[in-house]
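# Geometric and topological summary
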Amino acid sequence: MYRVGIDVGGTFTDYVASRDGGRMVSGKTPSTPGRENVAVLNAIERIAAAYESPLAQLLGETEVINFGTTVATNAMLEHKGARVALLGTEGFRDIIELRRGFKESLTDIRLEAPPPIVRRRFRIGISERIGADGSVRTPLAEDQVLAAVERLKGEGIVSYAVCFMQAPANPVHERRCAEIINQVHPEAHVSLSTDVLNQIGEFERLSTTLMNAYLSPVLRDYMARLLDELGERGFGGRLLVMQSNGGTAEASELGRLGASALLSGPAGGVVAAASLGSATEHPNIIGVDMGGTSYDVSLVRDGRPEVRTDAWAARYRIGLSVLDIHTIGAGGGSIAWLDEARAIQVGPGSAGATPGPACYGRGGERPTVTDVNLVLGYLSEENFIGGEMALDRAAAERAIREQVAEPLGIDLVEAAVGIARIVNSNMSNGIRYVSVARGHDPRDFALLAFGGAAATHAPIQARDLGIRTILVPKSAGVLSAYGTLLSDLKVSTVASHLSLIEDVDSGELNEIFADLWARHRHAVESSDVTEIERRLFFDLRYAGQVHEITIPLEVNGAGIDDAVLAAAVEAFHEQHERLYTFRLEHKPVELMTLRQDIIGVRRKAPWKPGRARGGGEGVTASGRRVAWLPERDGDYAETEIAVYDGARIEPGDVIAGPAVVGEDNTTILLLRGDRARVDDRGTYVIDVEEPW
Amino acid sequence: MTETRLDQGELITAEIIRNSLETVCKELSATVENTALSPIFTLNHDYSCGVFYSGDGGQVQLLARDQAVPVHIFASLDSVQIMFETFPDDIREGDVFLVTDPYMGGTHCPDWTIIRPVTVAPGVTFLTCVRGHVNDVGGPVPGNYNVNARDVWQEGFRIPPVRIVSAGEHVGDIWETILANTRLPAEVRGDLMAMVGACQVGERRIRELARKYGVEMLRRSVDYIVDYSEKRLRATIAEWPDGSYEHTGYVDHDFAGNRDVPVRVKVTVSGEEVVVDFDGTSGEVPGFINSPTGNTISQVFTALTALCPDIPINSGFFRPVSVVLHPQTMVNPDPPAPVGNCTLTPGTTIIDTVMKAFEQIRPELVGTAAVDMNGARCFGVSAATGRYWVSSDLAATAMSAGGARGTDGWGGWAATFCALNLPPLEMFELQFPWEYVLDEYARDTAAPGRWRGAPAIHYRRRHTDQMRCTIYNGGARNTLVGYAGGGDGAGNYWVIREGEADEMTVTESCYAEPLSVGSLLFAQSGGGGGWGDPFEREPAAVLDDWLDDIVSTDGARRDYGVVIDPARQEVDLEATRRQRAGGGSRSPAAG
Amino acid sequence: MRPAFAAAVAQIREACPWDPDPVVAVADGEGRLLSASDGRGVASLESVARFVRRSFAADWGPGSAAVSNDPFVGAADICEMTLVSAVPDGLALARVRVPDLGGFDFGGVAPGALDVWGEGARFPALRIAIDAGQRAEGRALLRLNSRTPRLLDRALDALGEAAACGAEVLGERSALESERLEAAAAASAALGALRPGTYAAEVEIDVPGQPPGPAVRAALTVGEEIELSFSESDPAVERPLNSTAPLTTDCSLAEIESGVAGFRAAPGALEAISVDAGAGTIAGAELPATTSLARFLTEGAIRAAVQDVLRQAGGAERTTTWWEAEGSQAFAQLIDPADLRLRAERVAWLVELEQGDDDD
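Definitions and cut-offs
- Throughout this document, residue positions are counted from 1 along each chain, in the order its sequence is written.
- Naming scheme: in the order in which they are written, chains are lettered from A and ligands are numbered from 1.
- pLDDT decides what is reported in this predicted model: residues at 70 or higher carry local features, side-chain atom pairs at 80 or more are listed and counted, and totals for whole chains, interfaces and linings draw on all residues regardless.
- Side-chain measures here rest on the full set of heavy atoms in the structure, leaving out hydrogens and waters.
- Geometry is summarised by axes, namely lines fitted to C-alpha atoms with helices restricted to the contacting stretch, and by angles between N-to-C directions that run from 0 to 180 degrees.
- Runs of E in the DSSP output that reach at least two residues are strands. Runs of H or I that reach at least four are helices, and both are numbered from the N terminus.
- Angle categories: roughly parallel below 35 degrees, roughly antiparallel above 145, roughly perpendicular from 65 to 115, and oblique for all the rest.
- For any pair of crossing helices, the crossing counts as left-handed if the nearer helix is rotated counterclockwise from the farther one by less than a right angle, and right-handed if it is rotated clockwise.
- Only heavy atoms enter the contact rule, under which two residues are in contact if any of them lie within 4.5 Å.
- Basically, the charged four are Asp, Glu, Lys and Arg, the nonpolar ten are Ala, Val, Leu, Ile, Met, Phe, Trp, Tyr, Cys and Pro, and anything else, Gly included, counts as polar.
- For two strands to count as paired, DSSP must find a minimum of two bridges between them.
- Exposure is judged per residue with a 1.4 Å probe applied to protein chains only, and the accessible area is read against the type maximum: over 50% gives exposed, under 20% gives buried, and values in between give partly exposed.
- Buried and open spaces are told apart on a 1 Å grid over the protein atoms alone, a cavity being a set of points where a 1.4 Å probe fits but cannot get out and a pocket being an open set with protein on both sides within 12 Å along at least five of seven lines. Residues with an atom within 4 Å of a point are the lining residues.
- Grid points are joined across faces, edges and corners, and a volume is the space filled by probe spheres set on the points.
- For the purposes of this description, domain bounds are those given by an automatic or database domain assignment.
- Salt-bridge detection follows one rule: a side-chain nitrogen of Lys or Arg within 4 Å of a carboxyl oxygen of Asp or Glu.

## Observations concerning the packing of helix α1 (residues 8–35) of chain B against helix α5 (residues 185–213) of chain B
All names here are of chain B.
- Where α1 contacts α5, the axes come no closer than 8 Å and their chain directions differ by 160 degrees. Judged on the interaxial angle alone, α5 and α1 are roughly antiparallel. Two packed elements cross with a definite hand, and for α1 against α5 that hand is right-handed. Two secondary-structure elements touch here, α1 through T13, I16, I17, S20, L21, T23, V24, E27, L28, T31, V32 and T35 and α5 through A194, M195, G197, A198, V201, G202, R205, I206, L209 and Y213.
- Grouping the amino acids of the contact of α1 with α5 by side-chain chemistry returns 13 nonpolar, 7 polar and 2 charged.

Below you can see the structure in the form of structure tokens.
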């Protein structure tokens, strides 16, 4: 049987497949934006070719195709979601526009409003009100719901968001509303705020619910179409999709909870990072994924990716559990430019795939990070992307010279070095943002570099942050696709439960967790699931704070009891002090939200076993060239470096810097003092010399 | 201006250090937001973080800031300077200082400034700093907005520069004294801890930078950083036409019976420099709207940052601009004149007036940058818990965004004040004894314009416990102004005990009015001004507003000259052309 | 009065002409009061001394000094400032009224105040000297919160100098201890002469020009133990009539001294009688009650109630109350709602004093 992992990206669609848990194939095929399925089918054809199997036979023997997709992200960014109406509490139609006052720029009075998911005319106030204590203060005006749905149905609405004030305290009105919609307009999608994000805070809940109503029909249709097309070609297995929380889910689930697919694209990489870290005995990993336009930083602690519940996506707030991926505009295509004070800036503008960096020779005239890496001698002119593309060094030099060096009156290399330093510093600050700023010491982490470009910069970030180990898998270029196969089925559930810890009735909490378990465990039941795990969490805060810290509970068979509560409180104090330098023992600790992750642990395709050739340091360079490398004092020095061909590097080989290794889809830079050893799984484990 | 000579490699290092300092400020902000206890910090985000610097005992300079409420961070510069001068030779590692007094760089008594000096080498001191608005600082009136104040002691406890942490140890009696002078000691203690904690987080990063780049490089980078902003602002000003541009704005009232109090501004552009002269502004007034210099200058720079939103804010930004404040005027009072409401009034009027002067220079850049947030403080003792509480609910005063060239007003406050957050209503219903009935845009209240202002918000809540309510309202008559031919905002007013026999409409103020269980409180918070002639607004945009119930059929005709056929839900283009040719009635938005 | 005390009191009086009744006292290292110049403040001075000692457990030694004006520590109201100074072998205390500490109105007397913060700034225990050196921050905090910073300075300096007498007085430590014992014994004997039983009295607070205010209720139990309790009094009110426990205790002792022969309101007296001011009542008000008029109006009611129960228990028969004899006059001098002229004149005089320093 085959298992297939596919990651549909903006530029390339990456694929990984394994047969009977054994031989793996992987590769890239150009994406087909707007017609994602074309690239998906192309990828599967390539897999079939690699296994020398007819397509129908391969699909017939494929038990699972696991996806990461940017369909949801693109629908948000391009405003191509479903036509949505909102039924809300009368008198509160504009919560979504007020956004709790948030604007992306603190100084720009000319900043435009985010494009509406639902225009005001389709935001319908319904007479009803639940009190903060859950009591019905004003009964639901069912006739108003009925009249509204009948009208909206005629106006092309296909998706309803329902979000009533204080509904988490009592969802009765939302549920009744859904019943009425289902009767009157049965083919429409319905998102209830208490189903999507059952938690207090009307703006965050509403925004998430609206996104869900906007995206779910799109994903439902997309998945149905894909399943049809695959089915026609003989596929009878299961279609799974990566979710933003790092788990995976049945494609049909995303038709209900489309908002959970927002980070489906990059999620696979983070999961792979966690898995690879554990396999290499580095449970703490900072993952950096650098492609053409962006640099995505994520953090894995104790083998688990960090998640957050307060993210923004395409200018909407999403309160669901999402992987904590911090994105900065620093990719290989990011453009270097001079601002009004003639200081060098890099990004966030990107040359993208077209025209691409100047050195691609496709008409790009602006200097990019890739151009700089070429000029500084890190990239090979002839061997870029496995030799599929030649780079034009003269074009890269011209772009840097004309747009940076000459205006500043400096020479080409100085300009290239300047750009490199700026973009490297931006990356290091990006890593600080998910580590230092959240109370983690980057020195406790290994840096995992993947995506096409990250490994060329990683030694510098490692030195900036004091990181001593860098990991670069040979499959760095397709790691996200691989990650989809490593993900577990996962559903993240929440329930609001506001109470001081000292007043908590642990029996009641156990009942709430049991209820969430009973209602959601079916979502992770599957033939390839070997066990189902529950992970329980409290969101805790000092009474009066509004930002909670999520604390995992150590629960044994007995469920939550006084010992569990006490341990959670102590863990909270410790975490608070670690993150923010102090604890407030005199303040009562307040429980805000219960969280339960239900995880169906799947059988995994093992990391490809390799054979240690025992080459050690004997591997020979394929050549040498001159490159400009950073020195401890911040200057760059001209240095002769060894150049290795990744195709000839095997497990057990050891390479010492300064050197570059050209792998198929990435170039690994080693500075003086770096020492890379390739482990059994084909991962370069790089020991970094003393930090700067 | 002193040119710092750095070679290109050093320039890049300096640029990296500048970015790193901005990141430090973000970390400070995140720490405060995540750890403070008062809703005014955690929900409203009424605080700001910055990194300052003093080399060789020289003037303190602002290097970087984040999430700044505009009135905080410019004025903090004075607070930090005064603190630094108060303890010239007596700062040790691990010390933290607090200063709050309005006449020592402050704005009003509740704005507290926490400062942690980080000396990386003799004579080279960075200062991490948080200024935040604490919920109560004693004085006669809970929440400190004393509409009857006639001197500064009637506005709260005043704190000169004091050391609150000495070499890492809390200075016990100073803390106890400070906490004895707030009605909410548990919250304020938590907020202070949060601010001190944030400054410590910042210290770690400053020391890392010093280790990594060396003190000498750090010093040189500081000069570069401020020069950089100065250069950019000078380049911008150089493009403005030389000349003098004047405007007079008016504050509704001074809470002591004086109405339409003038703020007069003359902006003179010459070459790369700007002078903002307040000659002709009202003298000191008896009521609590006098604006200490820190506040006044902050408001001027708030307008400037909105004109040049992409220049990093630091001391270099201040250099090309001189602000002339004449003694004993409302914008430069002497102690002990009361100042409690200065951040709102005359703050709003100062920003709007400076903007109106710049409208004559760069009309395409101007728009509402002011916040006309009109306050109410309610307080009481909870019948359920017996605990004393004080609240300020910004949801009631959520609006001031105006139109600007290219975009209608949207969201809540103007961008420059959007570091302040609106509270989650559901959370407030749990914390305070009321239930919201209404919080929604009101029809025909948006300031008309080719790009209109944001509509007014109508807000209503019903009380579930008794309380007292103090309101300090401005902008009922002199509403936020329109620009480039746009109309003015709808303005603010309150109604207390709505529907009862003793219902009271408040356009100026009320003091400690009792509200009973079941009573209603209503507020209108008007949006900012429109931009451009409303008769040039795209008819399709007016139709969209009509479909969205932002304008009525009559409103569309009156304010925009657009005739809508309600039955067909279309614009009658011919009738619109006639209406617009006739000029229409061109009234501002209804109040 | 001990000569050293007398000299110190005179010194303060000269520097602070607005307060004719300053007090000085000494206490042992823990704050137990040993001797005072005047019986008026025995309980409240001890309360302040003990609080200050507790506040500076470590780091307190000769040359240390702290001030307290907090009604919930021991001041009768916000403008009563007590300095506690560390001297060899104990503590020296000096107390004087200061003209102003911010708040609603000049002088801390603020009939419109909603709570104690409306009456002025609270300083429960703020250090103004360390190791015999001035602590500038403490002084700056105090000054900034006063409308009369110079007069405040003068008062603080005078208190500091007066406290120096404490070293001299504490030199007679053994004499002080025996006096304390004698006072306790005398008090015990005097109270022992009262008739056993339980006696109750109720007095409404007399607010000139207004209807009678809330009631103070005293209950005296004479038995093996002697207890005076105010716990049945009306609850604290929004008007500034609230007395705190130290003030109630002080005026009870003063009244017993007037009504029971042989009883002296001296350190040690409290060993013979326990006083329960009644937490939360108008006689034992708690944070954040207003207190500015308690020293006149409520004190009158407290003393009248004590006078009444003592009479029932066989104390001396007296015909005039303290209020009639002294209180009303003192009150009128301070503030008379019916005649604001007096008050205005007093404020004008203080402001002139404050500004007069300009000429120095």
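From this point on, the discussion continues.
## Considering the sheet that holds strand β10 (residues 273–277) of chain B
Residue and element names in this part refer to chain B.
- Here we have 4 strands laid out as an open sheet, ordered β8-β9-β10-β11, and mixed in their pairing. If you trace the sheet from one side to the other, it starts and ends with β8 (243–253) and β11 (321–324), each paired once. For this sheet the average axis-to-axis angle between neighbouring strands, irrespective of direction, equals 15 degrees.
- Sheet topology note: the strand β9 (residues 259–270)/β10 ladder contains 5 bridges and is antiparallel.

## Focus: the environment of V251 of chain B
All names here are of chain B.
- Within the secondary structure, V251 sits in strand β8.
- What makes V251 buried here is its relative accessible area of 2%.
- Between the C-alpha atoms of V251 and I350, which are 99 residues apart in sequence, the distance is 9.1 Å.
- Beyond its immediate stretch of four places on either side in the chain, V251 contacts R259, D260, V261, V263, I289, M330, T345, P346, T349 and N478.

## Notes on the sheet that holds strand β32 (residues 659–662) of chain A
Residue and element names in this part refer to chain A.
- What the 4 strands build is an open sheet, ordered β29-β30-β32-β33; its pairing is mixed. Single-partner strands in this sheet number two, and they are β29 (623–630) and β33 (667–670). Ignoring which end each strand starts from, the neighbouring axes of this sheet average 30 degrees apart.
- Where β32 lies against β33, 4 bridges are found, and the strand directions are antiparallel. Within β33, the residue paired with V660 across the bridge is L669.

## Observations concerning empty space enclosed by the protein
Residue and element names in this part refer to chain B.
- Tallied over the full model, the rule gives 10 cavities of 30 Å³ or more.
- The calculated volume of the largest cavity comes to roughly 230 Å³.
- In terms of lining residues, the largest cavity is bounded by 25 residues, among which D46, H133, Y145, L344 and M373 are the most central.
- For the lining of the largest cavity, the secondary-structure elements that each account for two or more residues are α3 (70–86) and β12 (375–381).
- Counting residues per element, the lining of the largest cavity draws most heavily on β12, which supplies 3 residues.
- Summarising the domain contributions, the lining of the largest cavity has at least three residues from each of domain 1 (8–231) and domain 2 (367–532).

## Considering the pattern of salt bridges
Residues and elements named next belong to chain B.
- If you walk through the whole model with that rule in mind, you get 107 salt bridges over all chains.
- The partner of R219 in a salt bridge is E216, and the shortest N-O contact between them spans 3.8 Å. Of this pair, R219 and E216 both sit in helix α6 (residues 215–238), 3 residues apart, roughly one helical turn.
- Between R460 and E498 there is a salt bridge whose closest N-O contact spans 2.7 Å. One end of the pair, R460, is in strand β15 (residues 457–463); the other, E498, is in the loop between β17 (493–496) and β18 (504–506), with 38 residues separating them in the sequence.
- Assessed through its relative accessible area of 22%, R460 is described here as partly exposed.
- Taken together, the shared-partner salt bridges in this structure form one network comprising D227, E230, R234, E272, E273 and R319.

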